Amino acid sequence: MKLSHSTIRNLEHLLTIGEIPTADISPLKIGQNLGMWTTSADGSRIIATPATVQLLQSLPSLSETVAALLSCEADIRQAWGKIIAARLQELGTRRDAQGLSEAINTLGQASETLIQLLPQAALSSSNYTELERTLFDAPAEQAPATPKLLRVLGATAPLIEGKQGTPANSLQDIDPLNPAINWVRRRLLRLPSLRDGEIKLKSSIKSSVLSGDWGDLTPEEINPDDTLSQGTMRWVLYRPWAFLLAQVVFTQEAWSAERVSGKLSLELENSQLAQFDQPTQVLVVITTAAGEEVICGTLAELLLQVLSQLGVSVLTAHSPQDTLYITSLQERLAPVIAVLLKQQVWRFETGSSGRRSGYTIHSNFSDSCYRVLGSKSFNRLGNSITSAIRNSCDRWVKERLATAGNTSVVQVTTR
């Protein structure tokens with residue numbers, strides 16, 4: 001197999017953007033069969049899958065994840081397998097039981113296959129030396145590459161030796177006016193970033209990955225016939241993180257209107273009041289039907305739970321359970337909240353009578369949710385997202401009460 005440094009760059013783009021033109025990695029065939037990527041509906045683009053994101057999160061660097069994707073190809077796996085088999089043989093000859101045990105544990109399901117390669121084991125250069133220098137900072141047969149190769153082969157072992165890898169179905173293109181087909185299982189969502197709007201594929205303006213952009217609409221996205229409120233609704237629909245946050249306050253309003261089954265509050269601690277327009281932390285407080293007000297966590301945590309229920313994966317190298325990642329996500333959401341306030345989608349309310357200050361839906365945007373564009377695209381076609389938010393809140397408050405008990409209760413409201 002002939003590969004070039006452009007193949008590495010293209011795989012890096014796949015892991016950071018989520019999709020690339022199909023021609024960019026045309027020599028690679030096995031990844032799609034294993035479900036590491038799929039194709040767009042028209043076959044013009046390669047789309048990363050949640051399995052790719054899990055691989056990215058399981059390895060310590062982007063270069064090792066690229067190497068892991070390449071290691072799925074039979075020729076490369078065979079070449080690297082012979083080298084690692086020689087390393088295992090070396091450890092056995094030295095009677096290094098601990099080192100051998102650690103290597104086998106890292107290899108996981110790949111270890112048995114590599115043991116079968118012992119008769120072919122050799123610490124000799126492969127046909128991919130230049131790529132290995134880029135990926136491992138050394139040729140694969142040299143000692144500095146060994147721990148990286150062990151991790152790469154071990155991370156992909158469940159897919160190949162464990163035979164868990166299966167092809168993934170194609171994904172429909174994103175349609176900003178139809179959230180029902182956007183927020184579906186196996187969809188990827190890029191992190192909030194103003195620069196995300198600069199991402200353009202070389203061969204297509206279509207996309208199968210939810211954008212992280214929260215900037216103004218582009219000239220191509222603007223409808224000159226829109227009223228001011230329609231323009232705001234269109235911006236929300238075209239900007240996934242804005243849409244998600246708008247759905248949170250929309251759910252909050254609908255829940256509050258029920259009056260008998262609790263409510264959702266988005267609140268600020270006193271330390272955040274000076275930067276209410278760009279808070280680095282928003283608390284999620286859920287009131288149960290029994291009147292218990294429970295601080296469940298942060299807005300970033302709620303969004304991650306909602307995305308998990310929807311089956312949408314954030315394209316990031318960080319695990320959703322990583323505390324630093326959750327903090328970083330909330331910081332990335334701060335400028336999005338600022339625009340939501342400016343666009344009169346969210347409204348800030350100053351606390352009183354012992355209540356914390358917090359956020360609700362702006363009356364202007366609330367009205368838009370029941371007009372033509374909002375009623376169809378945001379309200380009706382966005383119903384699955386509204387339900388996911390409500391269900392996530394219900395489950396979250398039950399979990400908090402079960403694990404933390406009264407320590408999580410702010411107060412009990414009597415009726």
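Source: prediction; values computed, not measured.

(A) Seen up close, the nonpolar core. Formed by 62 residues in total, the largest nonpolar core has its most connected members in Trp-183, Leu-266, Leu-299, Trp-346 and Phe-378. Element by element, the count of residues in this core is highest for helix α12 (residues 240-258), at 10 residues. Apart from the residues lying within four places of it in its own chain, the contact partners of Leu-266 are Val-248, Val-249, Gln-252, Val-282, Leu-283, Val-284, Leu-299, Trp-346, Ser-357, Gly-358 and Tyr-359. By size, the runner-up hydrophobic cluster in this structure holds 52 residues, among which are Leu-3, Ala-103, Val-152 and Val-209.

(B) Local environment of the pattern of salt bridges. Following the criterion strictly, the structure yields 17 salt bridges and no others. The partner of Arg-390 in a salt bridge is Asp-394, with the nearest N and O atoms 3.6 Å apart. In this pair, Arg-390 and Asp-394 both sit in helix α17 (residues 383-404), four residues apart, roughly one turn of the helix. Each member of the salt-bridge network shares a partner with another, and the members are Arg-87, Glu-90, Arg-94 and Asp-96.

(C) Geometry of the side chain of Thr-316. Looking at the element boundaries, Thr-316 is found in the loop between β8 (313-315) and α14 (323-342). Look past the residues within four positions of Thr-316 in its chain and what remains in contact with it is Val-53, Leu-56, Gln-57, Leu-191 and Tyr-325.

(D) Focus on the packing of aromatic side chains. Counted by the stated rule, this structure contains nine aromatic pairs. With a centroid separation of 5.4 Å and 75° between ring planes, the pair formed by Phe-243 and Phe-378 is classed as edge-to-face. Of this pair, Phe-243 sits in helix α12 while Phe-378 sits in helix α16 (residues 372-380); the two residues are 135 residues apart in sequence, bridging distant segments of the chain. Overall, the relative accessible area of 0% leaves Phe-378 in the buried class. Here the aromatic rings of Phe-276 and Phe-348 are separated by 4.5 Å at their centres, their planes lie at 25°, and the arrangement is stacked. Within this pair, whereas Phe-276 is found in the loop between β5 (263-267) and β6 (283-287), its partner Phe-348 is found in strand β9 (residues 346-349), the two being separated by 72 residues in sequence.

Calculation notes
Residues numbered from 1 in each chain as written. Predicted model: local features only at pLDDT ≥ 70, side-chain atom pairs only at ≥ 80, totals over all residues. Heavy atoms only, no water. Core = buried A, V, L, I, M, F, W, Y, C linked by side-chain atoms within 4.5 Å. Buried < 20%, exposed > 50% of the residue type's maximum accessible area, 1.4 Å probe, protein only. Helix = DSSP H or I, 4+ residues; strand = E, 2+ residues; numbered from the N terminus. Contact = heavy atoms within 4.5 Å. Salt bridge = Lys/Arg side-chain N within 4 Å of Asp/Glu carboxyl O. Phe/Tyr/Trp six-rings, centres within 6.5 Å; stacked < 30°, edge-to-face > 60°.

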